[in-house]
Amino acid sequence: MTDGDIPVDDLVPVGTPIDLDNCAREPIHIPGSIQPRGVLAVVREPQFEVRQVSANVADLLGRPLDSVLGHHLSALMGADQAARVQTAASMMGDLHRRNPVECSIEVHGERREFDAILHREPGGILLVELEVAFGERPYSFPNTYQAVRSSVAELNQAATLSELYDTTARAVRELTGFDRVMVYRYDEEYNGEVVAESKRDDLNSFLGLHYPSTDIPAQARALYEKSWLRLISDVDYKPAPLVPAVDPAVGAPQDLTHATLRSVSPIHIEYLQNMGVHASMSISLLRHGRLWGLIACHHYAGPHLPPFGTRVAAEFLGSTLSLRLVDQHEDDQLHKRLDAQAMLTKLTAAFIDHSKPLTSALLGAPDLLDLVPADGAVVDIGGDRQVRGAVPQPEVVAAVVSWARSAGDDIARTDRLARTLPDVAVDAQMAAGALVLNLPDGQYVAWFRREVLRSVDWGGDPYNKAIANSEGEGVRLSPRKSFDRWQEVVRERCEPWTATELESADSLRRHLVESLYLRARGALRVAELVQRSLIPKSLPTLKDWQLTAHYEPAAGGRVGGDWYDAFELPDGRLIVVVGDVAGHGVTVAGTMAQLRNALRAQLFAGASPGDAVTQLNDFAVFMLPGAFATVLVARVDLTSGAVEAASAGHLMPFLSTSAPTAIQAPIRLSPPIGVNRAKHTQSTFVIEPGQGLVLYSDGLVERRGEVIDDGIDRLANSLGGVHAIPASAIWTAMSSGYTDDDVTIVTLHRL
């Protein structure tokens, strides 16, 4: 178990004084205290007994500690308000969506409005945070949406990343009232850059400044991935400790990862104070669940406390920006991949002519430098070594290739040869970085890039983090006190190798390995993917079950996208799959083959239907751009009849019984395969003795000139009153003698 990149065992013990020597190992998720703008109670369910409470409970609520600890939650907030919290906590689903619970608590004889923010922790723990309520009430999702609707519309219309950043910074500042709002983006090494800013006119600009990765340690980044918003309303606050410090029931500090009042690291407080910041708020920007950047809000005029509803609206904006960033990034990547694919196609077309050496094919027109831009390339295949452009001396090339071979990967890369090979005399003006394809039998392809000098504007000297400040008789390390612009010239580095370039190089390597294999045998065969070759040659023979299937090609013998699969897992459970790739032709059949094989591999490896469909969708989005398919997967326990099923846009199967009309199986519908960021759910039900499950593709129920619902109703009636009907008989009953689409039917009947 880790906290970010730091193993939990490596975190310093709770209570250890924190400085720059150990702040990267600070257990910031269990600070033992909160910010005193609210009260936090650790409540044990189902008794709703207060096990711990923040020491400021008397100041904020007028309740002595002794009257609250060990008592029912009503001792903290009154019986009627405690009942509201208990009701909210007892409802099914995510508590986060029900926050805040609006409460009116009597404090010193007067009723005051509070927001109760609930979060459930493992072990029967409910965190109850009470903040004084500010802003318009009642709080609701419509109110949030109205507050950010115009900003969301602007985000959706933004055509570039810069527009996205600028719109978000401006919208969050208008919403929250902070003096400065920045959009902060990480690079691969988690150094940050301010890419957008909205600020008071009298403040100096931070736009374009960089900040080192050490400013936000790994365990802090991990918290940002779990808790998307963090507010420090007053950096000069005095922490209110939890009493007692350790939950007596478990003998351990309480995890406050998801607490909005969680106290923050003293090092971070000092960091903000050095910047002159009096209040701060951060909103996480995520890409595929990983931290991509932050919306950082700073206030200089004094403490600043946006109402809870405003903070949620700002978090909503951050989530919207995250989705748009993913869309824009993947759109940009798609265009780059398409361009690279077109170039790769031209390059690899030269491999077909076996009379032409591969080396010559790679350095023809177009050549390697068109596929992956560089200053020079070396190709050594079959003893034929050729050079294109500017490359280092042969002994340097040999050292680089030897390093790449020892790395043990198909592809090796570095943008800092001087650091990678410190013992080799490398002239950075000739070669500062290298990308090498390792081929069989010591063959290789290598690209080289020269040094690219670039200047980085840092927010203060990133290397000067050990400023000694006398504090009485002791001396401690302090975060840097200067955040003035500090420029560094980066040397001995080339332009980094991009993800698209690495993908192109990897694709080229696969083509080269295949061509080498085929040339060694003197034959190049192109196999046409035909749909029937993927249909199972036989179906499993099952005890106490009957399994049948039928496939009918589309009229005219066109190759379609339907497929089905049925096989037993090693544990005895049965997998049944029906899928349909949109379109016709060999390309569709090729896509179908890849999806079928990828899905089969996931299911055989033990993935549940829901997880397998999700992984298939990820595979399609990234590896088969433009592919669109539906699929239904069922995993059946042949002993109990229990079924786990997931449908990605596919028509629902029917449960056939002796009833006059068959009913659709209770499976939740999820988006089709090929939809970016789609979420796929899994459903469960039971096939009872005498029941059957009928899976089919849309060709069975679609007819020209009628709506598909008519065909589905016709199928339900055909299946009614029949205990077991084989797939071929269903086709006969439903066939109109001609179909525009191929048809697949699979039936599973429990005897």
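See the structure above.
From a predicted model like this one, the values you see are computed outputs, not experimental measurements. (Residues numbered from 1 in each chain as written. Predicted model: local features only at pLDDT ≥ 70, side-chain atom pairs only at ≥ 80, totals over all residues. Heavy atoms only, no water.)

Chemist: Describe helix H6 (residues 218-226), with residues and values.
Modeler: Across the 9 residues that make up H6, a large majority, 7, are buried. Inspection of H6 places Ala 218, Gln 219, Ala 220, Arg 221, Ala 222, Leu 223 and Tyr 224 among the buried residues, and these make up the whole buried set. (Buried < 20%, exposed > 50% of the residue type's maximum accessible area, 1.4 Å probe, protein only. Helix = DSSP H or I, 4+ residues; strand = E, 2+ residues; numbered from the N terminus.)

Chemist: Lay out the packing of aromatic side chains with the relevant residues and their values.
Modeler: For the structure shown, the criterion picks out 5 aromatic pairs. On the basis of an interplanar angle of 65° and a centroid distance of 5.4 Å, the ring pair of Tyr 186 and Tyr 190 is categorised as edge-to-face. For the pair Tyr 186 and Tyr 190, a shared accessibility class is recorded, and that class is buried. Three or more aromatic residues joined by ring pairs form one cluster here, namely Tyr 184, Tyr 186, Tyr 190 and Tyr 211. Over the ring of Phe 206 we find Arg 180; its NZ or CZ atom is 3.8 Å from the centre of that ring. (Phe/Tyr/Trp six-rings, centres within 6.5 Å; stacked < 30°, edge-to-face > 60°. Lys NZ or Arg CZ within 6 Å of the ring centre and 35° of its normal.)

Chemist: Give me the lowdown on the environment of Ser 162, citing residues and values where you can.
Modeler: As for its position among the elements, Ser 162 is in helix H5 (residues 161-176). In this structure the C-alpha to C-alpha distance between Ser 162 and Ala 196, which are 34 residues apart in sequence, comes to 7.5 Å.

Chemist: Could you give an account of the nonpolar core, naming the residues involved and the relevant values?
Modeler: By size, the foremost hydrophobic cluster in this structure holds 29 residues, and its most contacted members are Leu 61, Leu 73, Leu 76, Val 85, Leu 126 and Leu 130. Of all elements in the fold, only strand S4 (38-44), strand S5 (49-54), helix H1 (57-61), helix H2 (74-77), helix H3 (79-90), strand S6 (101-107), strand S7 (110-121) and strand S8 (125-132) reach the threshold of two or more residues within this core. (Core = buried A, V, L, I, M, F, W, Y, C linked by side-chain atoms within 4.5 Å.)

Chemist: Can you break down unusual backbone geometry residue by residue, with the values?
Modeler: Cis geometry marks the peptide bond from Asn 99 to Pro 100; its omega dihedral reads -5°. Cis geometry marks the peptide bond from Val 243 to Pro 244, where omega comes out at -10°. For Asp 544, which is not glycine, the phi torsion reads 70° and is therefore positive. Structurally, Asp 544 is set in the loop between helix H13 (499-520) and strand S25 (545-552).

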